[in-house]
Amino acid sequence: MTIEVLIPVRNPTEVFSKTIESLAAQLDKNFSVLISDNFSKQGTEHIEVALKKLSAVGISAKKIQPPSELGRVEHWNWLHQQSQAVWLKPLFAGDWLEPIYFTRLRETISAYPKCRYVFSNGYTHRPGEEPLTGENTRTGKFNSPKEMQDVVLRYGMQFGPPSAAAYERKAFFEAGGYDPKLPICADSYLFCKMAAMFGVAGMPEKLFHFQIHGARFSHELRGRQWGPFRESISYYFRLVGDVRRAGGKVPVFGFLRLLARAGKNYFSKS
């Protein structure tokens, strides 16, 4: 089974070194790395250093570039199209993985033959703040599509950022990839949709670190509520159609409570 780490970059900064160091330190180095540079105007030296570090520890790594500059989400999809690995592991510049990550990922995939999508618990880091920990209780097992169809319509996004995820390449494209019409919530919608279509296995250990830094899109969103709220409501309603097409039932009252919580959260911060 082949696994490839996909890293989209644009104008990478020094935080990129943390990402690469965590890959070089993996106990299981049987994976490859594909770095896609979306026409960076600065910071390309960090990419060259990354390629040398990975090569030095025996990890196959390559840099590619799209034929023309792409939008953020379009770039993610293009990068996925370039890989031929069976399993894909997205990882963003500045995020990093625990050394045991790929060992645990292979164990999880082997333990659950029906599994096509995996997430893990992890940490969120903000400048000057203590790390926040994620404790999803649906870990240590394979959660069936039927289960997750109910969960995503009651609770929405439960699976962490892209750096928490790994999935079959075929499953990614069967689910439609990241939707460019949802520039803020494309990942949340895709992960909910994949969970509803294929089920999901959760790794209970805290295996990823999600870092919100100045060069990151997430950093720009802090204090802005309307965009994420609008897109969240949009993908919640899309999930209703996805679940119905998959043969699932819509928990009407649970879904209404999900909408109410989203509205309450938005207006409390506005």
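If you're wondering where the values come from, they're calculated on a predicted model, not measured in any experiment.

Secondary structure summary: the chain contains ten helices and ten strands in total. For the chain, the C-alpha radius of gyration of 18 Å lies close to 18 Å, the compact-globule estimate for 270 residues. Among the 270 residues that make up the chain, the fraction classed as buried is 53%. Partitioning the intrachain contacts of the chain with sequence separation of at least 6 by distance along the chain shows that 81% fall at a separation of at least 24. When the accessible surface of the chain is summed, it comes to about 12,600 Å², and 53% of that surface belongs to carbon and sulfur atoms. Across the chain, the centroid of the 36 positively charged side chains sits 7 Å from that of the 25 negatively charged ones.

Let us look at the packing of helix 5 (residues 145-155) against helix 9 (residues 226-245). At a minimum axis distance of 10 Å, the contact between helix 5 and helix 9 shows a crossing angle of 160°. Relative to helix 9, the element helix 5 lies roughly antiparallel. Relative to helix 9, helix 5 is oriented so that their crossing is left-handed. Contacts between helix 5 and helix 9 involve Gln-149, Val-152 and Leu-153 on the former and, on the latter, Tyr-236, Leu-239, Val-240 and Val-243.

Cut-offs applied
Numbering of residues starts from 1 in every chain and runs along the sequence as written. Confidence filtering applies because this is a predicted model: local features only for residues at pLDDT of at least 70, side-chain atom pairs given and counted only at 80 or more, and all residues used for totals across whole chains, interfaces and linings. Calculated side-chain values reflect all of the structure's heavy atoms, with hydrogen atoms and water omitted. Put simply, DSSP H or I for four residues or longer makes a helix, DSSP E for two residues or longer makes a strand, and each gets a number counted from the N terminus. Two things to know: the radius of gyration comes from C-alpha atoms, and the globule rule equals 2.2 Å times the number of residues to the power 0.38. Relative accessibility thresholds used throughout: buried, under 20% of the residue-type maximum; exposed, over 50%; partly exposed, between the two (1.4 Å probe, protein chains only). In what follows, a contact means two residues having at least one pair of non-hydrogen atoms within 4.5 Å. Accessible areas in this description were obtained via Shrake-Rupley with a 1.4 Å probe; residue shielding takes into account the shown protein chains only. Asp and Glu count as negative and Lys and Arg as positive, but His and the ends of the chain are not part of the count. A charge is said to be at NZ when it belongs to Lys, at CZ for Arg, at CG for Asp and at CD for Glu. For helices, the fitted line uses only the C-alpha atoms of the stretch in contact; every axis is such a line through C-alpha atoms, and the angle between N-to-C directions lies from 0 to 180 degrees. Every angle not falling under 35 degrees, over 145, or within 65 to 115 is termed oblique; those three ranges are roughly parallel, roughly antiparallel and roughly perpendicular. Rotating anticlockwise by less than a right angle from the far helix to the near helix defines a left-handed crossing, while the corresponding clockwise rotation defines a right-handed one.

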